[in-house]
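Architecture at a glance
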Amino acid sequence: MEQLYLFTDTDTDLKDIFDEVTSVRQLREAFKKVKANNGAPGVDNQTIEDFNENKEEEIRKLSEELRSWKYKPSPVRRVEIPKPGNKGMRKLGIATVRDRVVQQSIKISIEDKYEKEFSDSSYGFRPGRNQKQAIEKAKQQVNEGKEYIVDIDLEKYFDKIPQDRLMTKLAINIKDKRVLRVIGMSLRSGIINPQGELEASKEGVPQGSPLSPLLSNIMLDELDKELEKRGLPFCRFADDCNIFCKSEKAAIRVLESITKFIENKLKLKVNREKSKVGKSSEIKFLGITINLGFIMIAKKTLQRAMDKIKELTPRSNHKTIEETISKINVWFKGWFEYFKITEIPAQISKLEAHIRRRLRARIVKDSKRKRFLLRKLITRGVRKITAYKAIYGKQGTWAISITNAMHLAFSNKWFEQRGFITFSDSQLSHWQDTKLWIALV
């Protein structure tokens, strides 16, 4: 018999919450959150600014429609964005502003109740929880001797969530059938694909809606409870789940048994090609790997960063060096804000050096002729013999870009003076010595 997970406190049963969800007061609060998250318009082309212009009238009308059962969610607008590393497309579903407001209101009413029951090892899309905490927990498990990791990959998780099973799970604790009806209508509202055609949405939860992260956690809470029942330490961030074992043999057994549980009980599909067992140094979790006890940026993540740098620094470019640097800074600031979690700052130094080399190669390329580059290097204080050997003793732009002459003429300080922002000298408290370099698998 399938085990059901009920709220432990009967006072937290979600009864008679429809009036709360549909109240003008709460819909107004929900719109504030939707507005803060910004976002593109849905199929009706109504922007957040449009909604805000007649906010009170829009909210009053929405409340009346919900209470009179005239409310009908619009189909979501399908948008496809490339996944990192050219791994296909990620499908997002953009709901209309008014539908996002309704979903946000439902989330306000039910999230706190579910939060009390969710696992302490679940970190994704939860208030007060983040990727850094998940990574720190993973490091703790590895350093306690559980260095073999079961990396579970759920195939197209958000697109394949069985709606009937999800609604059954929601009905266990949400006792107000009127709210369940609105959630069900939202899930089945349909999809307008990029070609403008209407598709049925019989399965899945559209990524991009306010309610979908909570619904995805509710769906996978059963997996969390099963892992806890078996005494298996794990970290889960949304559909990215790592389970920690002391031996490879135990990890292989866990992979087989948990795969059966996910597919037979949860009715979800495990990607058997991507799911694997490996040492912590071989497993990427949220872009990070635990190597020799240190939190490090994963090898594939670094390669994607290198690819992005190449994209931002094309050899042939009509923009000035300063304009290119400004564009790099925008990306690098955002990238660093997350990946500063690494404990090996030499990884950041390596990226900064790569950026400068790409820019030096751009300078070589822009010089057109070797004699023009020679003149430029001499003008910038490089001895003629040093400049000559660098230019005529090397073959190709990339080889010249790393020569001592190019470093002398276009030093690190030269790039800083043109606005290039570096972070490797930040001296964060969790960072090791900048000279420490650990090779990645």
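Structure first, text after, so check above.
A short tour of the structure in this document, coming up. (Residues numbered from 1 in each chain as written. Predicted model: local features only at pLDDT ≥ 70, side-chain atom pairs only at ≥ 80, totals over all residues. Heavy atoms only, no water.)

Points about helix 16 (residues 384–392)
As a reminder of what qualifies: Relative accessible area decides the class of each residue, using a 1.4 Å probe on protein chains only: under 20% of the type maximum gives buried, over 50% gives exposed, and in between gives partly exposed. Under the scheme used here, helices are H or I runs from DSSP no shorter than 4 residues and strands are E runs no shorter than 2 residues, and both carry numbers assigned from the N terminus. In this context, the arc is that of the directions from the helix axis out to the C-beta atoms. Should any heavy atoms of two residues lie within 4.5 Å, those residues are counted as being in contact.
By the burial criterion, the buried members of helix 16 are A387, A390 and I391. The buried residues of helix 16 occupy an angular sector of 90 degrees when projected down its axis, which confines them to one face. The elements touched by buried residues of helix 16 are helix 15 (370–379), helix 17 (397–400) and helix 18 (404–409).

Structural notes on the nonpolar core
The criterion, for reference: What is meant by a nonpolar core is a set of buried Ala, Val, Leu, Ile, Met, Phe, Trp, Tyr and Cys residues, joined one to another through side-chain atoms within 4.5 Å.
Within the largest apolar cluster, 61 residues are counted, with the highest numbers of intra-cluster contacts made by L170, I243 and I262. Setting aside anything within four residues of it in sequence, one finds L170 in contact with Y114, L180, I183, L215 and I218. Counting 59 residues, the second largest nonpolar core, distinct from the first, contains F244, I341, A387 and A390.

Comments concerning a negative patch on the surface
So the rule is basically this: Distance thresholds for patches are 9 Å for like charges and 5 Å for nonpolar side chains (Val, Leu, Ile, Met, Phe, Trp, Tyr), applied to residues having over 30% relative accessible area and no salt bridge. In this description, accessible areas are obtained by the Shrake-Rupley approach with a 1.4 Å probe, and a residue is regarded as covered only by the protein chains that are shown. Take a side-chain nitrogen of Lys or Arg and a carboxyl oxygen of Asp or Glu: if they are within 4 Å of each other, that pair is a salt bridge. Under this rule, positive means Lys or Arg and negative means Asp or Glu; His and the chain ends count for nothing. Lysine's charge is taken at NZ, arginine's at CZ, aspartate's at CG and glutamate's at CD.
On the surface, D44, E49, D50 and E53 cluster together into a negatively charged patch. In this structure, D44 sits in the loop between helix 2 (24–37) and helix 3 (48–53). Given the relative accessible area of 34%, D44 is considered partly exposed.

With respect to the packing of helix 8 (residues 163–173) against helix 9 (residues 177–187)
Axes are the key here: two packed helices are described by the angle between their axes and the distance separating the axes. Threshold: Interaxial angle, 0 to 180 degrees, is taken between N-to-C directions of lines fitted to C-alpha atoms, where a helix line uses only the stretch in contact. We call two directions roughly parallel when the angle between them is under 35 degrees, roughly antiparallel when it is over 145, roughly perpendicular when it lies between 65 and 115, and oblique otherwise. Handedness of a helix crossing follows the sense of rotation of the near helix relative to the far helix, less than a right angle counterclockwise being left-handed and clockwise being right-handed. Residue type decides the class: Asp, Glu, Lys and Arg count as charged, Ala, Val, Leu, Ile, Met, Phe, Trp, Tyr, Cys and Pro as nonpolar, and the leftover types, Gly among them, as polar.
Taken N-terminus to C-terminus, the directions of helix 8 and helix 9 make an angle of 160 degrees; their axes are 11 Å apart at the nearest point. As summarised for this structure, helix 8 and helix 9 are arranged roughly antiparallel, according to the angle between their axes. For the crossing formed where helix 8 meets helix 9, the hand is right-handed. Across the interface between the two elements, Q163, L166, M167, L170 and A171 of helix 8 pack against L180, I183, G184 and L187 of helix 9. Its residues assigned to classes, the contact of helix 8 with helix 9 shows seven nonpolar, two polar and no charged.

Quick notes on the packing of helix 8 against helix 10 (residues 212–229)
Interhelical geometry of helix 8 versus helix 10 gives an angle of 85 degrees and a closest axis separation of 10 Å. On the basis of their axis angle, the class for helix 8 and helix 10 is roughly perpendicular. Contact residues: R165, L166, K169 and L170 in helix 8; L215, I218, M219 and E222 in helix 10. Residues belonging to the contact of helix 8 with helix 10 are distributed by class as follows: five nonpolar, no polar and three charged.

Geometry only, nothing functional implied.
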